[in-house]
Amino acid sequence: MPAPRYPLVIGDRRVDTPDWLPVDDRATGEVIAEVAAGRPGDVDAAVACARAALPAWEALGPVGRAGAMRRYAAVLDAHQPGLAALIHREEGKPLSEAQAEVARACEVVHHFAGEAERLWTMHLPGASLSTGSTVRPAPIGVVAAITPWNFPVALVLWKLGPALAAGCCMIVKPAQEAPLAARMVCDLATEAGLPDGVVSCITGDGPVLGEALCTHPGVDKVAFTGSRRVAEQVAAWAAPRIKALSLELGGHGSLLVLDDADLDTAAEVALVQGFANCGQACYSVNRILVPRPLEDDIIARLRSGIAALDLGPMATDRGPARHAMLLDDARAKGATVEGGALREGNYVEPALVTGAGPGVLLVDEEPFTPVVAVLPYDDLEDAIAEANRPDYGLVSYVCGGPSRRTLDVAARIECGTVVVNGWRVVVPQAPYAGWKGSGVGTELGRPGLEAFIRWQHLRVLA
Ligand code: NAD
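The structure presented is a predicted model; accordingly, all values stated were derived computationally and were not measured.

Enquirer: Just give me the short version of the overall build of the protein chain, but keep the residues and values in it.
Expert: Of the regular secondary structure elements, the protein chain holds 15 helices and 23 strands. The C-alpha atoms of the protein chain give a radius of gyration of 23 Å, which matches the 23 Å a tight globule of 462 residues would have. Along the three orthogonal principal directions, the C-alpha set of the protein chain runs to about 70 × 65 × 40 Å. Among the 462 residues that make up the protein chain, the fraction classed as buried is 57%. Taking the intrachain contacts of the protein chain between residues at least 6 apart in sequence as the baseline, contacts between residues at least 24 apart amount to 73%. A total accessible area of about 18100 Å² is found for the protein chain, and carbon and sulfur atoms account for 56% of it. Positive and negative side-chain charges in the protein chain, numbering 40 and 55 respectively, have mean positions lying 7 Å apart.

Enquirer: Outline the domain arrangement of the protein chain, supporting the account with residue identities and numerical values.
Expert: The domains assigned to the protein chain are domain 1 (5-249 + 436-460) and domain 2 (253-428). Counting residues at the interface gives 24 residues for domain 1 and 26 residues for domain 2. Overall, the association of domain 1 and domain 2 removes approximately 2100 Å² of surface from exposure, summing both partners, and the carbon and sulfur fraction of that is 50%. Together, Arg26, Trp149 and Lys436 form the three largest contributors to the area buried by domain 1 at its contact with domain 2, with a combined 33%. Our count for the domain 1 to domain 2 interface comes out at 4 salt bridges. The tally of links from domain 1 across to domain 2 stands at 19 residue pairs in polar contact (both at pLDDT 80 or more). Per-class residue counts for the side of domain 1 that touches domain 2 are 9 nonpolar, 6 polar and 9 charged.

Enquirer: Account for the environment of Pro350, naming residues and giving values.
Expert: Relative to the assigned elements, Pro350 resides in the loop between strand 15 (336-339) and strand 16 (351-354). Distance in space between the C-alpha atoms of Pro350 and Leu311 is 7.9 Å, their sequence separation being 39 residues. Setting aside residues no more than four positions away along its own chain, Pro350 makes contact with Phe275, Ile306, Leu309, Leu311, Glu338, Gly339, Gly340 and Pro370.

Enquirer: Any chance you could break down the sheet that holds strand 4 (residues 20-24) for me, citing the residues and the numbers?
Expert: Pairing is mixed in the open sheet, where 3 strands are placed in the order 1-5-4. Of all the strands in the sheet, just strand 1 (5-6) and strand 4 have a single pairing partner and so form its edges. In the sheet, strand 1 pairs with strand 5 (residues 31-36) via 2 bridges, with the strands oriented parallel. Of the residues in strand 5, the one forming a bridge with Arg5 is Glu34. Along the sheet, helix 6 (residues 180-191) makes contact with strand 1, strand 4 and strand 5, crossing strand 5 at roughly 55°.

Enquirer: Report on the site of the ligand, specifying residues and quantitative values.
Expert: Taken together, 25 residues form the shell around the ligand, and within it Thr147, Lys173, Ser227, Leu249 and Glu366 come nearest. Here Thr147 contributes a backbone N or O atom positioned 2.7 Å from an oxygen atom of the ligand. Side-chain polar atom of Ser227 to an oxygen atom of the ligand: 2.6 Å apart, as the coordinates give it. For the ligand, the accessible surface in isolation is 840 Å², of which the surrounding protein chains cover 91%. If you count residues domain by domain, the shell around the ligand takes at least three from each of domain 1 (5-249 + 436-460) and domain 2 (253-428).

Enquirer: Mind laying out the packing of helix 7 (residues 206-214) against helix 8 (residues 228-238), listing which residues take part and the relevant values?
Expert: Look at helix 7 against helix 8: their axes get within 8 Å of each other, and the N-to-C directions meet at 35°. The interaxial crossing formed by helix 7 with helix 8 has right-handed handedness. Facing helix 7, whose interface residues are Pro207, Gly210, Glu211 and Cys214, helix 8 presents Val234, Trp237 and Ala238. Grouping the amino acids of the contact of helix 7 with helix 8 by side-chain chemistry returns 5 nonpolar, 1 polar and 1 charged.

Enquirer: Explain unusual backbone geometry to me, and be specific about the residues and the numbers.
Expert: You will see that Asn277, though not glycine, has its phi angle at about 50°, which is positive. Along the chain, Asn277 falls in the loop between helix 9 (263-275) and strand 14 (285-291). Accessibility expressed as a relative area gives 2% for Asn277, which makes it buried. With phi around 60°, Phe368 is a residue other than glycine that occupies positive phi space. As for its placement among the helices and strands, Phe368 is situated in the loop between helix 12 (361-364) and strand 17 (371-377).

Enquirer: For the pattern of salt bridges, give the residues involved together with the corresponding values.
Expert: Taken as a whole and assessed by the stated rule, the structure comprises 32 salt bridges. A salt bridge links Glu117 to Arg70; its shortest N-O distance comes to 3.3 Å. With Glu117 in helix 4 (residues 95-117) and Arg70 in helix 2 (residues 61-78), this residue pair connects regions lying 47 residues apart in the sequence. Linking Glu381 and Arg412 is a salt bridge whose minimum nitrogen-to-oxygen distance equals 2.7 Å. Note that Glu381 is positioned in helix 13 (residues 380-388) and Arg412 in the loop between helix 14 (404-411) and strand 19 (417-420), a separation of 31 residues in sequence. Several salt bridges converge on common partners, so that one network encompasses Glu115, Arg118, Arg446 and Glu450.

Enquirer: Kindly report on the pairing of strand 16, identifying the contributing residues and their values.
Expert: Side-chain alternation along strand 16 places Ala351 and Val353 on one buried face and Leu352 and Thr354 on a second face that is also buried. Direction of pairing for strand 15 relative to strand 16: antiparallel, over a ladder of 4 bridges. Directly across from Gly339, in strand 16, lies its bridge partner Ala351. Judged from the 4 bridges that link them, strand 16 and strand 17 form a sheet pairing that is parallel. For Leu352, the partnering residue across the bridge sits in strand 17 and is Val372.

Conventions adopted
Residues numbered from 1 in each chain as written. Predicted model: local features only at pLDDT ≥ 70, side-chain atom pairs only at ≥ 80, totals over all residues. Heavy atoms only, no water. Helix = DSSP H or I, 4+ residues; strand = E, 2+ residues; numbered from the N terminus. Rg over C-alpha atoms; globule rule 2.2 N^0.38 Å. Buried < 20%, exposed > 50% of the residue type's maximum accessible area, 1.4 Å probe, protein only. Contact = heavy atoms within 4.5 Å. Areas by Shrake-Rupley, 256 points an atom, 1.4 Å probe, with all protein chains shown as cover. Lys, Arg positive; Asp, Glu negative; His and termini not counted. Charge placed at Lys NZ, Arg CZ, Asp CG, Glu CD. Domains from an automatic or database assignment. Buried area = accessible area lost by both parts, 1.4 Å probe. Salt bridge = Lys/Arg side-chain N within 4 Å of Asp/Glu carboxyl O. Polar contact = N/O pair within 3.5 Å; in protein donor to acceptor, adjacent residues only side chain to side chain. Nonpolar A, V, L, I, M, F, W, Y, C, P; charged D, E, K, R; others polar. Pairing = 2+ DSSP bridges. Axes fitted to C-alpha atoms, helices over the stretch in contact; angles between N-to-C directions. Near = heavy atom within 4 Å. Left-handed = near helix turned anticlockwise from the far one by under 90°.

Take a look at the structure:
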């Protein structure tokens, strides 16, 4: 039986294309679907549809949009199992991780439906109530969302939730490697009764569609999550038209273990965040900084934890080759590598690296494969300096005793998010932002809503 075909989502229309792109099951290599290969003309159609929808969507007002978003959230909830199953197959993460991703992502839509209702216009009266300063949150307009494959549903809904609340229309361009669940999220907007043109999804080649979206005069903002390499290109395309831009990029997370830390907790943080999604997470733990006297204790815990891991396949064909390359580089520079072998198909063994330091690729650059490096320290100041050394600043972790010092150390880590004594990173109420080379702009939280707003001051003098 031929694989099912999924057309473009251009508002309420489903549009076939001359060419189609295969999507495979990462565990078996079987082609499970084909998605439309959109072209620049399809981007033009989606932008025109979004621009046509924008005035009425804005005019619906915060309360009207909140109601529409609640219906959308309910439809997404009803399809959670289907979305998770798609992610599991096209991206390869274990089903339980896919279910958690979808459940947390749907919470984002519920949260921002509530935020829509709190989008007040402010008025500072002048000589009379009808004069003075009215400050209103206008939507930024039509937004292109360019998203990666590693959290295909979450990273769409982190953008779509606040964008819809603000009154924006959005065109989603998911990653070619895992487009099915992201496309389904957009497809369901029609079932939920969102107005035609408020949500579209153009699947296809990243560079071709990226350029078409980022240079399009009808696109007001580009919200990008992905690699720094592509972000530089996206920013260059957006610059001549001074488009609003948010760039959520990679990280190089440290786990700083203090001398009074609970080592079981520290090991759990390292194991969960070092190896979740086969290491393909922007918030991964990559370097574990541990007081030298505790090094053997933490390594023993990691060894037994790693032996019990059951990783899914890697999400891209590049993943296993990169894992091997990084571990070869570490060995060549004198580090000790435990595990890490390539297995059949897209599977790899998790790896533990000791004796590595700056200059070793996986200590300096985001690995994006299942590997953690243990770096012992003698002086806490040196450990903080190492935590802050790479040009990344997304998520890091600190484990320490229940004292003021633990929090003081956490506040000195130069990252948008620092998690203390645990591994749960994201809540929709709080901002998620990359510092330094990890990006510009903020997602989630109140700042994540304001990222889709442009303020207008109506100065009424008489
Ligand atoms: P990527 O940069 O290769 O791709 C991201 C998106 O850009 C995809 O939609 C892709 O199709 C598109 N694209 C690829 N090449 C392009 C080009 N030349 N021009 C325009 N668009 C292009 O990233 P990826 O490999 O899909 O994702 C992994 C990266 O994303 C990692 O660095 C990871 O840390 C980062 N990430 C960041 C966050 C965050 O919130 N900060 C979250 C998840 C992932």
